[in-house]
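Structural overview
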Amino acid sequence: MPIIEVSPRSETIARERPQVVNDFSIQVATVNGSGSQTANLVLMRSIFQMGVPVSGKNLFPSNIQGLPTWFTIRASKDGFIGRKKEIDFLVAMNPETAREDVESLEAGAAVLYDEPLALDRLRSDLHYYPVPFDKLVAPVCPQPKLRKLVRNMIYDGAVAHLLGIDLEEMGKALFKQFGPRKVKAAELNWGAVLAGADYAEKNLTKTDPYRIERMDRTQGKIIIDGNTATALGAIFAGVTVVTWYPITPSSSLVESMMGYLKRFRTDPETGKATYAVIQAEDELAAVGIVMGAGWAGARAMTATAGPGISLMSEFVGLGYYAEIPAVIVDVQRVGPSTGLPTRTQQADLLSCAVLSHGDTRHPMLIPASPEECFTMMEDAFNLAEEFQTPVFVMSDLDLGMNSWMADPFPYSDRPLKRGKVLGVEELERLGGFARYRDADGTGVGYRTLPGTPHPAAAYFTRGSGHNELAQYSERPADYIRNMDRLARKFESIRRAVPRPEVVIDPAASVGLVCYGTSKYAAEESRHQLAAEYGLRTSYLRLRAYPFTGELTDFLERHARVYVIEQNRDAQMLALMRMELAPELTAKLRSVRYYGGLPIDARSVTDEIVLQEGL
Amino acid sequence: MSTTAAPPPKAPNLNRIGLELSSYKGGKSTLCAGCGHNAISQRIIECFFEMGIPPWQVAKLSGIGCSSKSPAYFLGQSHGFNGVHGRASTTATGAVLANRHLIAMVVTGDGDTASIGLGNFMHMLRRNVPCVYVIENNGVYGLTKGQFSATADIGSTLKTGEANELPPIDCCLLGIEMGASLVARSFSGDKNQVGAVLKAAIAHRGLSVIDIISPCTTFNDHDGSTKSYAYMKDHDVPLHAVDFVPYFEDIEIEMEEGEVREVVLHDGSRLRLRKLDRDYDPTDKLEAVRAIHASYARGEVLTGILYIESAKKTLIDHLNLVDEPLATLPESKTRPGRAALDEIMEELR
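Small disclaimer: the values here were computed from a predicted structure and weren't measured.

Scoring rules and cut-offs
Residues numbered from 1 in each chain as written. Chains lettered and ligands numbered in written order. Predicted model: local features only at pLDDT ≥ 70, side-chain atom pairs only at ≥ 80, totals over all residues. Heavy atoms only, no water. pLDDT = per-residue confidence, 0-100. Contact = heavy atoms within 4.5 Å. Pairing = 2+ DSSP bridges. Helix = DSSP H or I, 4+ residues; strand = E, 2+ residues; numbered from the N terminus. Axes fitted to C-alpha atoms, helices over the stretch in contact; angles between N-to-C directions. Polar contact = N/O pair within 3.5 Å; in protein donor to acceptor, adjacent residues only side chain to side chain. Buried area = accessible area lost by both parts, 1.4 Å probe. Salt bridge = Lys/Arg side-chain N within 4 Å of Asp/Glu carboxyl O. Nonpolar A, V, L, I, M, F, W, Y, C, P; charged D, E, K, R; others polar. Buried < 20%, exposed > 50% of the residue type's maximum accessible area, 1.4 Å probe, protein only. Core = buried A, V, L, I, M, F, W, Y, C linked by side-chain atoms within 4.5 Å. Expected span 1.5 Å × (residues − 1). 1 Å grid on protein atoms, 1.4 Å probe; cavity = no way out; pocket = protein on both sides within 12 Å on 5 of 7 lines; lining within 4 Å. Points joined across faces, edges and corners; volume = space filled by probe spheres on them.

Concerning the confidence of the model for chain A
- Per-residue confidence for chain A gives a mean pLDDT of 95; residues scoring 70 or more make up 97%.
- Overall, residues 1-14 of chain A carries pLDDT values under 50, and its contacts beyond four positions in sequence, including any with other chains, amount to 22 contacts.

Here we look at the sheet that holds strand S3 (residues 103-109) of chain B
- Here we have 9 strands laid out as an open sheet, ordered S18(A)-S2(B)-S1(B)-S3(B)-S4(B)-S8(B)-S7(B)-S13(B)-S9(B), and mixed in their pairing. Strands with a single pairing partner mark the edges of an open sheet, and in this sheet they are strand S18 (460-462) of chain A together with strand S9 (236-238) of chain B. Each strand axis lies, on average, 20 degrees off the axis of its neighbour in the sheet, ignoring direction.
- The pairing of S3 of chain B with strand S4 (residues 131-137) of chain B spans 5 bridges and is classified as parallel. Along S4 of chain B, the bridge assignment pairs Met 105 of chain B with Val 132 of chain B.

What to know about the environment of Arg 485 of chain A
Residues and elements named next belong to chain A.
- Tracing the backbone shows Arg 485 in helix H16 (residues 476-496).
- With sequence-adjacent residues up to four places away left out, Arg 485 is seen in contact with Glu 323, Tyr 436, Arg 437, Asp 438 and Gly 443.
- A distance of 2.8 Å separates the side chain of Arg 485 from the backbone oxygen of Gly 443, its partner in a polar contact.
- Within the structure, Arg 485 has its side chain in polar contact with the side chain of Asn 482 (distance 2.6 Å).

Overview of the sheet that holds strand S19 (residues 501-503) of chain A
All names here are of chain A.
- Taken together, 5 strands build an open sheet; the order of strands is S19-S21-S20-S23-S24 and the sheet is mixed. Because the sheet does not close on itself, it has two edges, and the strands there are S19 and strand S24 (588-592). The mean inter-strand angle of the sheet, taken between neighbouring strand axes irrespective of direction, is 20 degrees.
- Where S19 meets strand S21 (residues 537-542), 3 bridges bridge the pair, whose relative direction is antiparallel. Bridging from a neighbouring strand, Val 502 pairs with Leu 540 of S21.
- Lying on the sheet, helix H17 (residues 518-533) is in contact with S19, strand S20 (510-515), S21 and strand S23 (560-565); it crosses S21 at an angle near 175 degrees.
- Strands S19, S20, S21, S23 and S24 of the sheet are contacted by helix H18 (residues 549-557), whose axis makes an angle of about 160 degrees with S21.

A look at the interface of chain A and chain B
- Taken together, the 77 residues of chain A in the interface contact 56 residues of chain B.
- Sorting the residues of chain A by area buried against chain B places Glu 281, Tyr 411 and Phe 460 of chain A first, and these three jointly supply 12% of that buried surface.
- At the boundary of chain A and chain B, one finds 7 salt bridges.
- Between Glu 347 of chain B and Arg 263 of chain A there is a salt bridge, with its nearest N and O atoms 2.7 Å apart.
- At the boundary of chain A and chain B, one finds 31 residue pairs in polar contact (both at pLDDT 80 or more).
- A total of 8 residues in the side of chain A that touches chain B trace back to one element, the largest contributor, which is helix H10 (residues 283-295) of chain A.
- Its residues assigned to classes, the side of chain A that touches chain B comprises 43 nonpolar, 18 polar and 16 charged.

Comments concerning the side chain of Ser 68 of chain B
- Residue position: Ser 68 of chain B is located in helix H2 (residues 66-69).
- Judged by its relative accessible area of 0%, Ser 68 of chain B is buried.

Structural notes on unusual backbone geometry
All names here are of chain A.
- In this structure, the amide linkage connecting Gly 335 to the following residue, Pro 336, adopts the cis form with an omega of -5 degrees.
- Here Pro 336 is to be found in the loop between strand S13 (326-334) and strand S14 (340-344).
- In the Ramachandran plot, Ala 118 falls in the positive-phi region, its phi being about 45 degrees despite a non-glycine side chain.
- In this structure, Glu 323 takes a positive phi of about 65 degrees despite not being glycine.
- Note that Glu 323 resides in the loop between helix H11 (306-322) and S13.
- According to the relative accessible area criterion, Glu 323 is buried, its value standing at 2%.

Section: the nonpolar core
- Membership of the largest hydrophobic core comes to 159 residues, with the highest contact counts inside it found for Met 257, Met 301, Met 572 and Met 576 of chain A together with Leu 97 of chain B.
- Of all the elements, helix H13 (residues 370-387) of chain A adds the most residues to this core, at 9 residues.
- Ignoring anything within four residues of it in the chain, the contact list for Leu 97 of chain B reads Val 241, Ala 276, Ile 278 and Ile 289 of chain A together with Leu 315, Ile 316, Leu 319, Leu 321 and Leu 326 of chain B.
- By size, the runner-up hydrophobic cluster in this structure holds 53 residues, among which are Val 91, Tyr 129, Val 137 and Ala 186 of chain A.

Things to note about the pairing of strand S17 (residues 403-406) of chain A
Residues and elements named next belong to chain A.
- Taking every second residue as pointing to the same face, both faces of S17 are buried, with Ser 403 and Met 405 on one and Trp 404 and Ala 406 on the other.
- As paired strands, strand S9 (residues 222-225) and S17 are joined by 4 bridges and run antiparallel to one another. Across the sheet, Ile 222 pairs through a bridge with Ala 406, a residue of S17.

What about the pairing of S4 of chain B?
All names here are of chain B.
- With respect to burial, S4 is a largely interior element, 7 of its 7 residues being buried.
- Where S4 and strand S8 (residues 207-213) come together, 7 bridges link them in parallel fashion. Its bridge partner being in S8, Asn 137 is matched across the sheet by Ile 213.

Points about helix H1 (residues 36-51) of chain B
All names here are of chain B.
- An ideal rise of 1.5 Å per residue puts 22 Å on 16 residues; H1 measures up with 23 Å between its terminal C-alpha atoms.
- Most of H1 sits out of view: 12 of its 16 residues are buried.
- Regarding H1, the residues found buried are Gly 36, His 37, Ile 40, Ser 41, Arg 43, Ile 44, Ile 45, Glu 46, Cys 47, Phe 48, Phe 49 and Met 51.
- Gly 52 lies just past H1 and shows a positive phi near 65 degrees.

Comments concerning the confidence of the model for chain B
- The predicted model of chain B averages 94 in pLDDT, with 95% of residues at 70 or higher.
- Our summary of model confidence lists the complex with pTM equal to 0.95 and ipTM equal to 0.96.

Digging into the environment of Leu 350 of chain A
Residue and element names in this part refer to chain A.
- Positionally, Leu 350 belongs in helix H12 (residues 349-353).
- Between the C-alpha atom of Leu 350 and that of Gln 571, which follows or precedes it by 221 residues, the distance is 5.9 Å.
- If sequence neighbours within four positions are ignored, Leu 350 has contacts with Gln 571, Ala 574 and Leu 575.

Description of the layout of surface pockets
- Approximately 1300 Å³ is the volume found for the largest pocket.
- As for the largest pocket, its lining consists of 38 residues, of which Leu 41, Lys 176, Gln 177, Phe 178 and Gly 179 of chain A are closest to the centre.
- When residues of the lining of the largest pocket are traced back to their parent elements, those giving at least two are helix H2 (36-49), helix H5 (144-163), helix H6 (167-178), helix H7 (183-203), S9 and helix H9 (251-264) of chain A together with helix H12 (338-348) of chain B.
- Among the elements that take part in the lining of the largest pocket, H2 of chain A stands out by supplying 6 residues, more than any other.
- The residue inventory of the lining of the largest pocket, partitioned by class, reads 18 nonpolar, 13 polar and 7 charged.
- Around the second largest pocket, the lining is made up of 42 residues, and of these Phe 460, Arg 462, Ser 464 and Tyr 472 of chain A together with Asn 82 of chain B lie nearest the centre.
- Of all the secondary-structure elements, those providing two or more residues to the lining of the second largest pocket are H11, S18 and H16 of chain A.
- For the lining of the second largest pocket, the element with the highest residue contribution is H11 of chain A, accounting for 5 residues.

Printed below as a string of structure tokens:
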């Protein structure tokens, strides 16, 4: 049987197109639960170890086993690690989706596939590499039970050969992935990699233009998912009480946290835990325990996703009004309702900003990278305790669950900001305190912790109306004074949140505003707009809400500003309309993607080009 | 539950840590005259005073409703947290995790516990969170003007004459089944029993659920109500006479063998249960459940210590928490050093 069905057209492509080095995307289409994740991470890590900037995105169903799943690896010599719209190299392992997967490719793409699928009959403008996986797996994996898992490693070997990935790097990646405790399993899988590589070498002739070549752009970097980074950020920021209710995509955050807590937060002298992790019965309890713990002085947090946020609403309002520190990580997924639980979106901005009934306002920190997931947890705890209020950390599924290349995290030895907490000595000196009186113009009053051994320490926390002395009050003047102070406090928070990242092009009249994981598409789109359309743009990435002066300056400076986000209703733009002057928000344009995949640069560019009339 | 403060010279109106009763009082009650909750507040004040517990060691937590307002009316020198409806179980859990030395006391109602917060209550039971959980149970919603609650008995009527047809939720049965380590029922009108049960609960290490029938004089004290003063006077059947002997009082009472069951609590205090009509073993879970069901059949309300398991592991034990409060651990204990971060980063390279 001929290995490649050579059509005249594909030959033309192979000859005319120059080699494409370190700048393409690989997509692996498999079945959920088939163990392909390990093979995909090994492939990704091998490219990373070749020094090529890389990102890996897992597109998976809300299902344990059996539904289609896709893993996309992007190699980018220029360091663009957002999702690439086009797939250049497809590994088709799933019979159910193979036809559609192949049909959606652009001409000239390569397809490595399970031979019996006979995908080469579908189109003639692609490069085909059939591999008989079942035949190859039997000799390297004697146990039939394990073959389903091990056969995935065969494509790693074949792809490595075709793309020029150093097998030695793949070996290192594989043994690292399995870890020192699973050497036997690693060896079994390594055999499959070698079988795949060997088969490819002897039977496949490369016709596609894609190649990986060694670079030095990943030196010193790490690979980590955002949830693990957030977990580490919390641990190094001194978290002591953690609650959760399992929900995709935030579960892995607390799960990875538990491992690290046990390792690094067990008191060496006593062997006891300096932390408490509670798997709650629901998100109401998760946030309720956080409120109780924060009230009693612990650094307390919970992690959840949209449906959990909805359930937490009442307690968050209490936290705002009774002024209780809390950190809530929202790893956003696609809503409304159950939505698409395993797909990504930035669509909880509006609900979190004003979560709960009545007049409320909550600060949100918006990380865009694992580094920021790490550093912003310290920021979040500091803000929560300094300003005695719930703080949201708005991650998303793309950031939280996918693997990212990142710089090693900076160690912080800045003292933690624990806020205005009076102890016995201060109480002795002051003789007492007014819990809800603005202590210094910041809108923040002094608090005491339960258990403080002083007769003047106690105060009564309540979600009902209260005066400065924390006494029950329904008096209009007390209510207004309190609410106005809370508004003042929010202004103080505005001065304390992380500032945006701003890049001004003095020649640009168009600006791009983005936040969170839209960063990658926005940055790459800027590059495309300049290179392909000659459109120069400035750039501002929001890192927090409330907005700061940088945003106002940016809007004043530019004629038109595109707000790039991953939701249908332009939620960040709507928040800007709520807060900023109409003459400024009149300059705003909206670029949205909300299909559930990570936003890609090409879609952003196309939309801006359309709106600009270029 | 103990204090290390040296006992000052004892004056007649001072307790063993030198505080007056007034140090344990709270604000003026805004509940109705004759409300059972006010009597319970008074018992709480007396108990903490008599046990000589510093008020600052206590954290009062509640939900929403008449009962949940009452923490403002006792222990004014204790921190209070009147949170959201039905969730005091969660805020109390959080407070105890943050500071394991607090004596957490939830005072809440049947609406909070048996309806809106039932799920959270059940999980607090499972966890045996160290806490005194008092249910001021009157069978109605008072602040919303007299609707049935989930603890209303079948056949009990509203003021309008409407009869309840749905079976009641018995929070004591739930407590016994789901893991509370001390479960008691009492009646706000029984001053001695409420006091002794409260003291036992305060001394107990673990979760105490105390369901106190506490009549609502405005909406549920009429003929036809099974939560009225009159009904309770006729139907309250104490299992035993409850005496609490604190660890700091060395009292030996001569008692005939078989007349008393004694349970030693965590702090060395003793719970003495004197036999009345029958012998009752409060450490026997099945016996407790059987006794409660049998009392329904007889139309009785059994009161007293229904169940106790004094050495049961608490949430704090399960979590293996350090002895110091998590809330005030120094940064040296809560922030791993630079070497730890370097180690993790190396693993991720």
